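Letter by letter, the chains look like this.
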Amino acid sequence: MKPLDLFRLIIGNLNRRKARVALTAIGVVIGTAAVVILVSLAIGLQKNATEQLYGIGDLTQIQVMPTFGDGGGGFYGPIISKPVDGSSSAQEEHLLTKSALNEIRAIPGVLEVIPRDYFYGSATMKYQRLDGWVNALIGVETTDLANLGLEASQGTTTLSNGSVVVGVMALSSFYDPNLRPGEEPPPPPDLYNQQIQLDAVKWDNEGKEVHKMLSLRVTGILTETRGESDYAIYLPLAQVKALNEWVNGARIDYNKSGYNQVIVKVAEANQALDIADQITQLGYQAITPQEFLQGINSFFVVLQIIFGGVGAIALLVAAIGIANTMAMSILERTREIGLMKAVGATNRDVLSIFLGEAAGIGFIGGVGGVAIGWLAAQGMNVLAIVYLAQQASQQGGAPPSVAIYTPAWLIAFALVFSTIIGMLSGLYPALRAATMIPVQALKYE
Amino acid sequence: MTGPFIRIFGLARHYQMGGTTVRALDGVNVDIESHTFTVVMGPSGSGKSSLLYLLGGLDRPTAGEIWVNGERLDTMDENQLAVFRRRAMGFIFQSFNLVQSMSAAENVAFPMQFAGVPAMRRTERSHDLLKQVGLADRSHHKPSELSGGQQQRVAIARALVNDPALILADEPTGNLDTSSGASIMQMLADLHRAGRTVLVVTHDARMMRFATHKIFLLDGHVVSEAEYQSATLDAMSDS
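These remarks concern the structure in this document.

Conventions adopted
Residues numbered from 1 in each chain as written. Chains lettered and ligands numbered in written order. Predicted model: local features only at pLDDT ≥ 70, side-chain atom pairs only at ≥ 80, totals over all residues. Heavy atoms only, no water. Pairing = 2+ DSSP bridges. Helix = DSSP H or I, 4+ residues; strand = E, 2+ residues; numbered from the N terminus. Axes fitted to C-alpha atoms, helices over the stretch in contact; angles between N-to-C directions. Contact = heavy atoms within 4.5 Å. Phe/Tyr/Trp six-rings, centres within 6.5 Å; stacked < 30°, edge-to-face > 60°. Buried < 20%, exposed > 50% of the residue type's maximum accessible area, 1.4 Å probe, protein only. Lys NZ or Arg CZ within 6 Å of the ring centre and 35° of its normal. Left-handed = near helix turned anticlockwise from the far one by under 90°. Nonpolar A, V, L, I, M, F, W, Y, C, P; charged D, E, K, R; others polar.

## Things to note about the sheet that holds strand β1 (residues 6-17) of chain B
Residue and element names in this part refer to chain B.
Stage number 1. Taken in spatial order, the four strands line up as β2-β1-β4-β5 in an open sheet, and their pairing is antiparallel. The sheet is open, and its two borders are formed by β2 (20-32) and β5 (71-72), each paired with just one other strand.
Stage number 2. Across two bridges, the pairing between strand β4 (residues 63-68) and β5 is antiparallel. In the strand pairing of β5, Val 68 is matched with Glu 71.

The structure is reproduced here in structure tokens:
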């Protein structure tokens, strides 16, 4: 039998029992819609979570830190206290020296290797009569912060001596120290192209505060990344190094002690894990936000399977409905089956016809279920986003852009799955039809 | 081909019914030449329908051999039988067995789907055949819109659709009034005259007029016409 003839015959057979096909398909509609809605919800949650997590860092960046020997301190310990000639644990010590950076730069897929350092002391900012906290004063050995994937909402991302580029949230850290109770706090100042004072503080041996003032022009304000850069202020590395030398009271030689931290920028986010592994094998410590993401993704995959499984229970009930309808139909059409065989239908033809009808019911139900599931997901999405946006505005944080998400693959999967379910439930009745003895089928009353 | 068109040898068909074995056919030997009009007569329960279904490859014998046109049916598998039926056999049933949801033309064309005949050719052929049985103007009617005689004519057209050498008819006039029955008999006779081998199972004595060959069955055995007459007359006088 030709596929097109088979297809036409199946359509004709389904068409002549519209009411029964429709009633049976409703079960599949409900099951498929449940699968689509629940899996969409799980995917939406995942997207939502991942979106928020993008704040933990650019996925194309790897943070690399040196491995100190047994005698070494923490990552941010004042490196100057370490013996630079480090004899005790030379084998285990992997410092981020110039040659180390070249080693990392040689890994395929690495675009940039950018050393950076934090200011060890504490610092505040002053602008007119306002004071501001400095959450992180970061020195970066690059002329352009765009190399770290940062963008400016105002001004430039280039770094030069005497200027500073600040994260957008750093502006909100300004407060009026002379504010009286009950007075409205001032709005965050617009610092772009303004001169600010950086007040670095250290304590001398007698515990007395020593201040060092730097006058800096704000040449750029960064766009929000929901990460560290939002609260940071950026200077050229040399300037931060000078400040750290002032705090330590000793010279820092990065060639001997190595850098405290290096940002490795890779071409593609999906290379990050692999390159991080290679860097770890070289003996350094590498951290990539991908690792967090992976763990979170696998959690959501489990969630999708569980949600999908709940929906699948509804589909199972529908499958029993299809099996029942097909069994009834085959009983009613026993003589027709006998006739088909008498006029030359093979067992395989009969099997194909009835399997096709069962699959057709599954497919019709699948189309209905996908349509209803998709519409419901869209509706719920709108409601959920409104609700979550309210929550976000009350509790702070960014509102989600998506709550329930139906990807194209889910729609395709639901259609294929419901069709296969239909076919499987029709298998037993169809096999019975195919193996009927023609003479008995013809004489069936 | 050597030997007769149909050769049935030692054919037996036994059923289990409850605890007892029903011997529908028990050691039947029949030879039928091609281009004959064979009438199989017998009272109900004589095994005549069993003979027809075994000959058509719709049932399996308990024992014996069935040869049609040089091919042995009793050793074929299901698939081979299906192909054989579509190639060499045309069936006509007492209850017509038309698909109610299909039009007359679709019913006639139905077997050609399984033979893989292109759709255009199917339409052409079914209309030709309906014209041949005098139902050209009824081709779009559903079986429920046709009389019994018309339905049986659609069934005859369907039996002819794959141009089979052998036409098997099981009580073709059993559900029809006298005049419709007569016209169906005439139609079968015409098929025979056109060169086909026709085998009709019936207990309608009028069919005998057309027969070139007669087979009488009693209790699963082939008997002579004289034995058959006396047995059926005895039965009549007994009752």
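There is more to say, and it comes next.
## Digging into the sheet that holds strand β7 (residues 166-170) of chain B
Residues and elements named next belong to chain B.
Stage number 1. One open sheet accounts for six strands, arranged β6-β7-β8-β3-β9-β10; its pairing is mixed. The open sheet has two edge strands, β6 (89-92) and β10 (221-223), and neither has a second partner. This sheet shows a mean twist of 25 degrees between the axes of neighbouring strands, independent of strand direction.
Stage number 2. Across five bridges, the pairing between β7 and strand β8 (residues 197-202) is parallel. Paired with Leu 168 across the bridge in β8 is Leu 199.
Stage number 3. Across the face of the sheet, helix α2 (residues 78-88) comes into contact with β6 and β7 while running at roughly 80 degrees to β6.

## Overview of the packing of aromatic side chains
Stage number 1. Taken as a whole, this structure holds eight aromatic pairs over all chains when the rule is applied.
Stage number 2. Relative to Phe300(A), the ring of Phe299(A) lies with its centre 5.1 Å away and its plane at 75 degrees, an arrangement referred to as edge-to-face.
Stage number 3. Aromatic pair Phe110(B) and Phe114(B): ring centres 5.2 Å apart, planes at 70 degrees, arrangement edge-to-face. Of this pair, Phe110(B) and Phe114(B) both sit in helix α3 (residues 104-114), four residues apart, which is roughly one turn of the helix. This pair shows no difference in class: Phe110(B) is buried, exactly as Phe114(B) is.
Stage number 4. Sitting over the ring of Tyr405(A), Lys47(A) keeps its end group 4.6 Å from the ring centre.

## Overview of the packing of helix α7 (residues 289-332) of chain A against helix α10 (residues 408-434) of chain A
All names here are of chain A.
Stage number 1. At a minimum axis distance of 8 Å, the contact between α7 and α10 shows a crossing angle of 35 degrees. Remark: the crossing between α7 and α10 carries right-handed chirality. Taken together, the residues of α10 that come into contact with α7 (itself represented by Gln 304, Leu 315, Ala 319, Ile 322, Ala 323, Met 326, Ala 327, Ile 330 and Leu 331) are Trp 409, Phe 417, Ile 421, Gly 422, Ser 425, Gly 426, Pro 429, Ala 430, Arg 432 and Ala 433.
Stage number 2. Tallied by class, the residues present in the contact of α7 with α10 amount to 14 nonpolar, four polar and one charged.

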